[in-house]
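Survey of secondary and tertiary structure
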Amino acid sequence: MLFHSLDYLLFLVLAVAGFWLLIGRDRLRLLFVFLMSCRFYMVWNPWYILLVLGSVGIDYTASRQIASSPRPGRRKAWLAASLAYNLGALGLFKYWNWFAGSVTDALATLGVSAPRPVLDVLLPVGISFYTFQTLSYVIDVYRGRIQPAPSLVAYGAYLLYFPQLVAGPIVRARDLLPQMLSRPGLTREQVGEGLFLILKGLAKKVVLADYLAVNLVDRVFDQPAAFTSLEVLVGLYAYTMQIYADFSGYTDVARGSALLMGITLPENFDRPYLATSPAAFWRRWHMTLSSWLRDYVYFPLGGSRGSPVRTYFNLWLTLFLIGIWHGAGWNFVIYGSVHGLAMVIHRWCYRRSGRTAQTRDPRWLVFLKIFGTFHFVVLSRILFRSPSLAVAGQVVDQLWAGGTSLAQVSWGIWALLGVSYGIHFAPKKWLHRARDAFIALPAPAQGAVLALAGGVLVRMAQSQVVPYIYFQF
């Protein structure tokens, strides 16, 4: 059930209405959220709900056993059971085919013929997101930072909460569970902001992301040799905006949908293409994933408390995991490794420069840092977008092949790139003013704006359905 579909809008109306009709009956409200979230997930594949419910049952039981047991060995055993189930399922469904294929190919190079044991199943949608979410819950209970959920239904409602279930943001239990367990309230400002976020997210997806994908990006990556070097470069700029508009647009709709139920989900993006370094980029892009790996991988490894060499390794490993979290393939292995290496080089240079947090750069240097970081992101995403290393190589070859014609880049592409990048680099207060102006409108005027915008979105929608990019993760 895609956010940019009439089915979801009808589903959201029913979910919000039912949520507030049960405002005085807390247990029934949680059960309603849980069942509606199950229905939302089952639209893709009804059988995979059993996989998610397995996580609910095992991790709810594990958390209660961990919290109630005074024996360290028993607590570790339950934690290990949770990790084994969740990481085992993630590894089986997401990484098995790639791992088995890599082993088979390696044996073939040695002259050993072996069958390729392929697992012929679709990847469960959102498995990377809800796996990290449930792991953070059990680990936080183990660390004594939160108490277990009071009921199985409450935990199920938290883990399967439909706005963020499929593509985030990755929400910690300590942030979302208290909101679900308390009796929510709703203000006029929250309704206005929620509707504004939904409208903004749908515009990003339908007007920007899908148009750029269908009319340039997909064509460039399907047949790189059919485009000149400059056209390929424009295609990379277009993909850089497409993936941002697609993913942040999903997050906007998720946050807006939750806000209509009085629930606040965290920000996941902070104008990432204004980052002045690879480290700053990952503090601005997919922030809930970056902070998750920081808290549950980087810090437990020692963070920056050890020797410089150990710190560099911890940085590289964290970014390597970000790469393979996104997908099973050598292109993602290299993508994560490249970003990890960039983080290491940046930290090494920073330490040797003698700079501190109070150091202020001149504007020209800030511009150069933004320019360099942005193009590092643009070029590294060749690996991210390409279905294989072979295709990535073709794109790189064509990028340097020469040719300055831009005949295959339509005026519509130029217009959308200009508007979207202009908005992205514009002062943040401009967007806040637009949001506040919408919130201040009376309800009939808000309805008129939404109706007009809905007509524009229908008119702009592509004839072919374009799924959200991060659904594949």
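Residues numbered from 1 in each chain as written. Predicted model: local features only at pLDDT ≥ 70, side-chain atom pairs only at ≥ 80, totals over all residues. Heavy atoms only, no water.

1. A closer look at the overall build of the protein
The number of helices and strands found in the protein is 19 helices and zero strands. A globule of 473 residues ought to have a C-alpha radius of gyration of about 23 Å, and the protein, at 23 Å, matches this closely. Counting across all 473 residues of the protein, residues that qualify as buried make up 51%. Carbon and sulfur atoms provide 66% of the accessible area of the protein, an area that totals close to 21900 Å². Counting 42 positive and 21 negative side-chain charges, the protein places the averaged centre of each group 10 Å from the other. (Helix = DSSP H or I, 4+ residues; strand = E, 2+ residues; numbered from the N terminus. Rg over C-alpha atoms; globule rule 2.2 N^0.38 Å. Buried < 20%, exposed > 50% of the residue type's maximum accessible area, 1.4 Å probe, protein only. Areas by Shrake-Rupley, 256 points an atom, 1.4 Å probe, with all protein chains shown as cover. Lys, Arg positive; Asp, Glu negative; His and termini not counted. Charge placed at Lys NZ, Arg CZ, Asp CG, Glu CD.)

2. Quick word on the packing of helix α13 (residues 308–326) against helix α14 (residues 330–353)
Axis separation between α13 and α14 bottoms out at 7 Å; the angle between their running directions is 150°. Of the possible angle classes, the one that applies to α13 and α14 is roughly antiparallel. Where α13 crosses over α14, the handedness of that crossing is right-handed. Residue classes in the contact of α13 with α14 are distributed as 14 nonpolar, seven polar and two charged. (Axes fitted to C-alpha atoms, helices over the stretch in contact; angles between N-to-C directions. Parallel < 35°, antiparallel > 145°, perpendicular 65-115°, else oblique. Left-handed = near helix turned anticlockwise from the far one by under 90°. Nonpolar A, V, L, I, M, F, W, Y, C, P; charged D, E, K, R; others polar.)

3. Some remarks on the packing of aromatic side chains
Following the criterion strictly, the structure yields 43 aromatic pairs and no others. Between Y161 and F162 the ring centres are 5.8 Å apart and the planes differ by 55°, which places this aromatic pair in the tilted class. Relative to Y421, the ring of F374 lies with its centre 5.8 Å away and its plane at 90°, an arrangement referred to as edge-to-face. In this pair, F374 is assigned in helix α15 (residues 363–385) and Y421 in helix α17 (residues 411–425), connecting sequence segments 47 residues apart. Here the guanidinium or amino end of R29 rests over the ring plane of F19, the centre of that ring lying 5.5 Å away. A cation over a ring is seen here: R381 above W285, with NZ or CZ 4.3 Å from the ring centre. (Phe/Tyr/Trp six-rings, centres within 6.5 Å; stacked < 30°, edge-to-face > 60°. Lys NZ or Arg CZ within 6 Å of the ring centre and 35° of its normal.)

4. Considerations on the environment of F99
With respect to the helices, strands and loops of the structure, F99 is situated in helix α4 (residues 72–109). As for F99 and A328, which are separated by 229 residues in sequence, their C-alpha atoms are 8.2 Å apart.

5. Comments concerning the packing of helix α3 (residues 49–68) against helix α6 (residues 152–159)
Two elements in contact, α3 and α6, have axes whose closest approach is 10 Å; the angle formed by their N-to-C orientations is 125°. By the angle between their directions, the pair α3 and α6 is classed as oblique. Judged by the sense of rotation from one axis to the other, the crossing of α3 with α6 is right-handed. Across the interface between the two elements, S55, V56, G57, D59 and Y60 of α3 pack against L152, Y155, G156 and L159 of α6. For the contact of α3 with α6, the class distribution of residues is five nonpolar, three polar and one charged. (Contact = heavy atoms within 4.5 Å.)

6. Examining unusual backbone geometry
Backbone geometry at R271 places phi at a positive 40°, although glycine is not the residue there. Its location among the elements puts R271 in the loop between α10 (229–259) and α11 (278–284). Positioned with a positive phi, H286 is a non-glycine residue whose angle comes to about 45°. Residue position: H286 is located in the loop between α11 and α12 (287–298). Overall, the relative accessible area of 0% leaves H286 in the buried class.

7. Here we look at the nonpolar core
Note that soluble globular proteins tend to have their nonpolar side chains buried in a common cluster. With 133 residues, the main nonpolar core has Y137, W285 and Y470 as its most contacted residues. Considering every element that reaches this core, the biggest residue donor is α10, with 14 residues. Apart from residues lying up to four places away in sequence, Y137 is in contact with D59, S63, I146, P148, A149, Y155, Y158, A173 and L177. (Core = buried A, V, L, I, M, F, W, Y, C linked by side-chain atoms within 4.5 Å.)

8. Looking at the pattern of salt bridges
A pair can form between side chains of opposite charge whenever their charged atoms are brought close. One pass over the structure, following the stated rule, counts 14 salt bridges. In this structure, the salt-bridge partner of D218 is R385, at a minimum N-O distance of 2.9 Å. Of the two residues, D218 is situated in helix α9 (residues 188–222) and R385 in helix α15; the sequence distance between them amounts to 167 residues. When its relative accessible area of 24% is taken as the criterion, D218 is described as partly exposed. In this structure, the salt-bridge partner of R294 is D295, at a minimum N-O distance of 2.8 Å. The exposure class assigned to R294 is partly exposed, which follows from its relative accessible area of 37%. Residue class for D295 comes out buried when judged on its relative accessible area of 15%. Shared partners join several salt bridges into a network, and the residues in it are D26, R29 and R183. (Salt bridge = Lys/Arg side-chain N within 4 Å of Asp/Glu carboxyl O.)

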